[in-house]
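Residues per chain, in single letters:
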Amino acid sequence: LLILTWSIVMAGRGFVPLGEQLEDEEERENQTTQEKVVALINEAQLMNKDKKLECLSQVRELIINKDPSLLDNFFEEVTAFQQDSAVDVRKFVVAFIED
């Protein structure tokens, strides 16, 4: 008897096997902070407003609290979201600059 476990991922990918999700989580744990920030910024560029804000909030957490030395590397990438059509995303960028 073979049992497959599936789960829904709301990252625009549809159904993703649980095993694949666990592999993604393990890869993220092994990434450096800089790699995580790059991945989150790239993901944010492709997502809807709510997911975009979630990704950008994680970027802020990593840069401001975990590794402030990354601010110089990623300031322009984060401020580029000021051109986003969503008002909440633009507000986030202003708050990021103030932090």
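Residues numbered from 1 in each chain as written. Predicted model: local features only at pLDDT ≥ 70, side-chain atom pairs only at ≥ 80, totals over all residues. Heavy atoms only, no water.

Where do I start with the overall build of the protein in this structure?
Secondary structure summary: the protein contains five helices and two strands in total. A burial count over the protein gives 28% of its 99 residues as buried. The contacts in the protein between residues at least 6 apart in sequence include a share of 47% that link residues at least 24 apart. Surface exposure of the protein reaches about 6900 Å², of which carbon and sulfur atoms provide 51%. (Helix = DSSP H or I, 4+ residues; strand = E, 2+ residues; numbered from the N terminus. Buried < 20%, exposed > 50% of the residue type's maximum accessible area, 1.4 Å probe, protein only. Contact = heavy atoms within 4.5 Å. Areas by Shrake-Rupley, 256 points an atom, 1.4 Å probe, with all protein chains shown as cover.)

I'm lost on the pattern of salt bridges in this one. Help?
Oppositely charged side chains can form a pair if their charged atoms are brought close together. Under the defined criterion, the tally for this structure stands at five salt bridges. Close ionic contact of Asp84 with Lys52 constitutes a salt bridge, the shortest N to O distance being 2.6 Å. Here the residue Asp84 occupies a position in the loop between helix H4 (71-79) and helix H5 (87-98), and Lys52 occupies one in helix H3 (residues 49-66), the gap between them amounting to 32 residues. The pair Asp84 / Lys52 is uniform in exposure class, with both members buried. (Salt bridge = Lys/Arg side-chain N within 4 Å of Asp/Glu carboxyl O.)

Can you walk me through the confidence of the model for the protein in this structure?
Segments scoring low in pLDDT should not have their predicted coordinates read at a detailed level. Averaged over every residue, the pLDDT of the protein is 79; the share at 70 or more is 70%. Here residues 1-13 is a poorly scored stretch, pLDDT under 50, and it has 17 contacts once near neighbours within four places are set aside; other chains count. (pLDDT = per-residue confidence, 0-100.)

Would you take a moment to explain a nonpolar patch on the surface for this structure?
Residues Leu71, Phe75 and Ile97 make up a contiguous nonpolar surface patch of roughly 240 Å² in combined accessible area. Secondary-structure assignment places Leu71 in helix H4. (Patch = residues over 30% accessible without salt bridge, like charges linked within 9 Å, V, L, I, M, F, W, Y side chains within 5 Å.)

Is there a simple way to explain the side chain of Thr33 in this structure?
Here Thr33 is to be found in helix H2 (residues 33-46). The exposure class of Thr33 is buried, given its relative accessible area of 14%. When sequence neighbours within four positions are dropped, the list of residues in contact with Thr33 reads Leu62, Lys66, Asp67 and Leu70.

Quick question: what am I supposed to make of the nonpolar core here?
Taken as a class, soluble globular proteins show a tendency for nonpolar side chains to be buried jointly. Grouped together as the largest cluster of nonpolar side chains are 19 residues, with contacts concentrated most on Val37, Ile41, Val59 and Phe81. Among the elements of the structure, H2, H3, H4 and H5 are those that each provide at least two residues to this core. Here the element with the most residues in this core is H3; it accounts for six residues. With residues near it in sequence (within four places) discarded, Ile41 still touches Val59, Phe74, Glu77, Val78 and Phe81. (Core = buried A, V, L, I, M, F, W, Y, C linked by side-chain atoms within 4.5 Å.)

What is the right way to read the side chain of Lys52 from this model?
Judged by relative accessible area, which is 9%, Lys52 ranks as buried. With sequence-adjacent residues up to four places away left out, Lys52 is seen in contact with Ala44, Met47, Phe81, Asp84 and Val89.

Just checking my understanding: could you explain the packing of H4 against H5 for this structure?
Contact geometry of H4 with H5 gives a least axis separation of 10 Å together with a crossing angle of 155°. Between H4 and H5, the angle is such that the two are roughly antiparallel. Handedness of the H4/H5 crossing: left-handed. Taking contact as the criterion, the partners of Leu71, Phe75, Val78 and Thr79 in H4 are, on H5, Phe92, Val93, Phe96 and Ile97. Residue composition of the contact of H4 with H5, by class: seven nonpolar, one polar and no charged. (Axes fitted to C-alpha atoms, helices over the stretch in contact; angles between N-to-C directions. Parallel < 35°, antiparallel > 145°, perpendicular 65-115°, else oblique. Left-handed = near helix turned anticlockwise from the far one by under 90°. Nonpolar A, V, L, I, M, F, W, Y, C, P; charged D, E, K, R; others polar.)

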